[in-house]
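# Architecture and fold: a report
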Amino acid sequence: MSRASKVVVPPRPRVTVLGAGSWGTTFSKVLADGGADVTVWARRPELAKEIREAKRNSDYLPGVNLPPTVTATSDVGRALADAQFVFVSIPSQSLRGNLVELKTLIPEGVPITSLMKGVEKGTGLRMSEVLESVLEIDPDRIAVASGPNLALEIAKEQPTAAVVSSASLETAERVAMVATNRYFRSFVNTDVIGTEFGGVLKNLIAVAIGIVDGVGYGENTKASIITRGLVEMTDFAVAYGGHPETLSGLAGLGDLIATSGSSLSRNNTAGRLLGQGYSFADVVKSMQQTAEGLASVAPVLTLAEAKGVDMPICRQVSQVLAGTLDPRDIAPHLTTDDDSGPQGERTLDAKQDHGGGAVRRALQRALDQLRHGRRGA
Ligand SMILES: NC(=O)C1=CN([C@@H]2O[C@H](COP(=O)(O)OP(=O)(O)OC[C@H]3O[C@@H](n4cnc5c(N)ncnc54)[C@H](O)[C@@H]3O)[C@@H](O)[C@H]2O)C=CC1
Ligand SMILES: O=C(CO)COP(=O)(O)O
């Protein structure tokens, strides 16, 4: 990774951030504090005006001052004109619709980075896959940024690390250099699948943690869910071609710890409300911000089934969302559904052989599917 020194980034890069919610606005501050001139696209003109004139986004980031080098507009064409880097931070389920409209406005050749942590309902596509298919661009131009990145903490300049991933190491390095400043450090990797799925799956486990918190269960239950949740995340990501070490890195374990432990997390908060007895519909109504995990449960379980990956925790979450499982009954099922006897823990072997356990399980599942005449997605 020492090749980063060879990558050339313009002296004051012109960067566009699409989306002025809590993460888009916070990331614009990260980029500006790293030396970029940043234009944020906000859907609502009044929010663009507040960012542009008061250097504030009081609904999403109360008390946070944005740097003078952040400006904003509600005109997406103006936002994108002359951009040298584009970052996208809108709710996952609205990405496709927005891209169709702005496809022709993105300048030729610039790297496009997803800051989003969801999969698309219906298609099960990761956000980088939606970018690639709608914009019809080379995957080498696409990056994703992920990690333990609770927006408000970063907006307050608390030291944080992230990982930028792209099929092209050069793109990852260029983007990481722009997305680095005195309080925010971006590492790089080329495992886009593992990095993206880490960000998606930790949301589901954070919902589970919120549920048991809401019910009133304590630290043992939560630690059990985090640990077993990481096994589910790793098995799933590896089945789709991700690397197990990515899931024990910033975009996996790192983000899982941050999201599961923080009341700032919207996924965790949504889970807590469910655990306290509120219905899914009530929780959705009460959320002011995006809790991606709620929309990702169904597509993730469909993808898991296609590869024969067992995800008992995610399944229990989906049952609580559907109202078919009382949150109080969740604990006995959370770590296993298997009543045929004790199950091997399977974390030790994965650790001892650097993730070989997850790889072996993926191969075994593929063989089983072939034997039974089923094909993976
Ligand atoms: N907030 C956080 O701490 C972090 C969030 N993320 C991810 O960033 C993405 C965006 O999340 P947040 O900014 O937190 O959400 P948010 O709920 O704070 O803001 C979403 C923004 O998108 C806008 N929006 C809503 N529907 C839209 C549509 N149809 N078209 C265009 N814009 C629309 C909203 O007006 C708002 O400005 C999500 O995928 C989330 O998982 C990732 C890391 C940290
Ligand atoms: O992704 C996040 C932290 O890394 C933010 O989590 P929430 O979307 O649950 O708030």
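Here the structure is a predicted model, which is why all the values come from computation and not from measurement.

### Considering the packing of aromatic side chains
Scanning all chains against the criterion turns up six aromatic pairs. What links up through ring pairs into an aromatic cluster is the set Trp23, Phe27, Phe87 and Phe184. Stacked on the ring of Phe197, the Lys or Arg Arg126 has its end atom at 5.5 Å from the ring centre. The ring of Phe187 has Arg185 sitting right over it, with the charged end atom 4.8 Å from the ring centre.

### A short note on the site of ligand 2
Neighbouring ligand 2 are Lys117, Gly147, Pro148, Asn149, Leu150, Lys202, Asp255, Thr259, Leu264, Ser265, Arg266 and Asn267. The backbone of Gly147 places a nitrogen or oxygen atom 3.0 Å from an oxygen atom of ligand 2. Between ligand 2 and Arg266, the relevant distance is 2.5 Å, taken from an oxygen atom to a side-chain nitrogen or oxygen of the residue. Within the complex, 92% of the 310 Å² of free accessible area of ligand 2 lies under protein.

### Digging into the sheet that holds strand E7 (residues 160–166)
Read across the sheet, eight strands follow the order E3-E2-E1-E4-E5-E6-E7-E8 without closing on themselves; strand pairing throughout is mixed. Whereas interior strands pair on both sides, the edge strands pair on one side only; in this sheet they are strand E3 (70–73) and strand E8 (184–189). In this sheet, neighbouring strand axes are inclined to one another by 25° on average, regardless of whether the strands run parallel or antiparallel.

### Focus on the UniProt feature "active site" (unreviewed entry) in the chain
In the numbering used here, UniProt assigns the feature "active site" (unreviewed entry) to Lys202. Take Lys202: it is sitting in helix H8 (residues 192–215). The residues contacting Lys202, other than those within four sequence positions of it, are Lys117, Met233, Asp255, Leu256 and Thr259.

### Structural notes on the site of ligand 1
Taken together, 22 residues lie around ligand 1, and Ser22, Asn98, Ala151, Thr290 and Glu292 are the ones closest in. Here Gly21 contributes a backbone N or O atom positioned 3.2 Å from an oxygen atom of ligand 1. Glu292 is positioned with one of its side-chain polar atoms (N or O) 2.5 Å from an oxygen atom of ligand 1. For ligand 1, whose accessible area on its own is 820 Å², the fraction buried by protein is 87%. At three residues, helix H1 (residues 22–33) tops the list of elements feeding residues into the shell around ligand 1. Within the shell around ligand 1, the residues separate by chemical class into nine nonpolar, nine polar and four charged. Taken together, domain 1 (10–190) and domain 2 (194–371) each give at least three residues to the shell around ligand 1, which thus spans both.

### Focus on the confidence of the model for the chain
Chain-level statistics for the chain give a pLDDT mean of 91 and a share of 92% at 70 or above. Counting contacts from residues 348–354, a segment whose pLDDT is below 50, to residues more than four positions away or on other chains yields nine contacts. Model confidence for the complex is summarised by a pTM of 0.92, with the ipTM given as 0.98.

### As for the pattern of salt bridges
Oppositely charged side chains can pair when the atoms bearing their charge come close. Per the stated rule, a full pass over the model turns up 16 salt bridges. In this structure, Arg126 engages Glu196 in a salt bridge whose closest nitrogen and oxygen atoms are separated by 2.8 Å. Note that Arg126 is positioned in the loop between strand E5 (112–114) and helix H5 (127–135) and Glu196 in helix H8, a separation of 70 residues in sequence. Glu196 shares its class with Arg126; the two are buried. One salt-bridge network, in which partners are shared between bridges, spans Lys29, Asp33, Glu157 and Arg182.

### So, the domain arrangement of the chain
The figure often quoted for interface size is the accessible area lost as the parts come together. Domain boundaries assigned for the chain yield domain 1 (10–190) and domain 2 (194–371). The C-alpha centroid of domain 2 is placed 26 Å from the C-alpha centroid of domain 1. Carbon and sulfur atoms supply 65% of the area that domain 1 and domain 2 bury against each other, a total of about 2,000 Å² over both sides. Of all residues in domain 1, the largest losses of buried area upon contact with domain 2 belong to Lys117, Val119 and Leu150, amounting jointly to 28% of the total for that side. Among the ionic pairs, Asp255 bridges to Lys117, the shortest N-O distance being 2.7 Å. Where domain 1 touches domain 2, the interface holds nine residue pairs in polar contact (both at pLDDT 80 or more).

### Points about the environment of Arg78
Tracing the sequence through the fold places Arg78 in helix H3 (residues 76–80). Residue class for Arg78 comes out exposed when judged on its relative accessible area of 63%. With 62 residues separating them along the chain, Arg78 and Thr16 place their C-alpha atoms 9.9 Å apart.

The rules behind each value
Residues numbered from 1 in each chain as written. Chains lettered and ligands numbered in written order. Predicted model: local features only at pLDDT ≥ 70, side-chain atom pairs only at ≥ 80, totals over all residues. Heavy atoms only, no water. Phe/Tyr/Trp six-rings, centres within 6.5 Å; stacked < 30°, edge-to-face > 60°. Lys NZ or Arg CZ within 6 Å of the ring centre and 35° of its normal. Near = heavy atom within 4 Å. Polar contact = N/O pair within 3.5 Å; in protein donor to acceptor, adjacent residues only side chain to side chain. Areas by Shrake-Rupley, 256 points an atom, 1.4 Å probe, with all protein chains shown as cover. Pairing = 2+ DSSP bridges. Helix = DSSP H or I, 4+ residues; strand = E, 2+ residues; numbered from the N terminus. Axes fitted to C-alpha atoms, helices over the stretch in contact; angles between N-to-C directions. UniProt positions renumbered as here; feature names shortened; annotations may be inferred. Contact = heavy atoms within 4.5 Å. Nonpolar A, V, L, I, M, F, W, Y, C, P; charged D, E, K, R; others polar. Domains from an automatic or database assignment. pLDDT = per-residue confidence, 0-100. Salt bridge = Lys/Arg side-chain N within 4 Å of Asp/Glu carboxyl O. Buried < 20%, exposed > 50% of the residue type's maximum accessible area, 1.4 Å probe, protein only. Buried area = accessible area lost by both parts, 1.4 Å probe.

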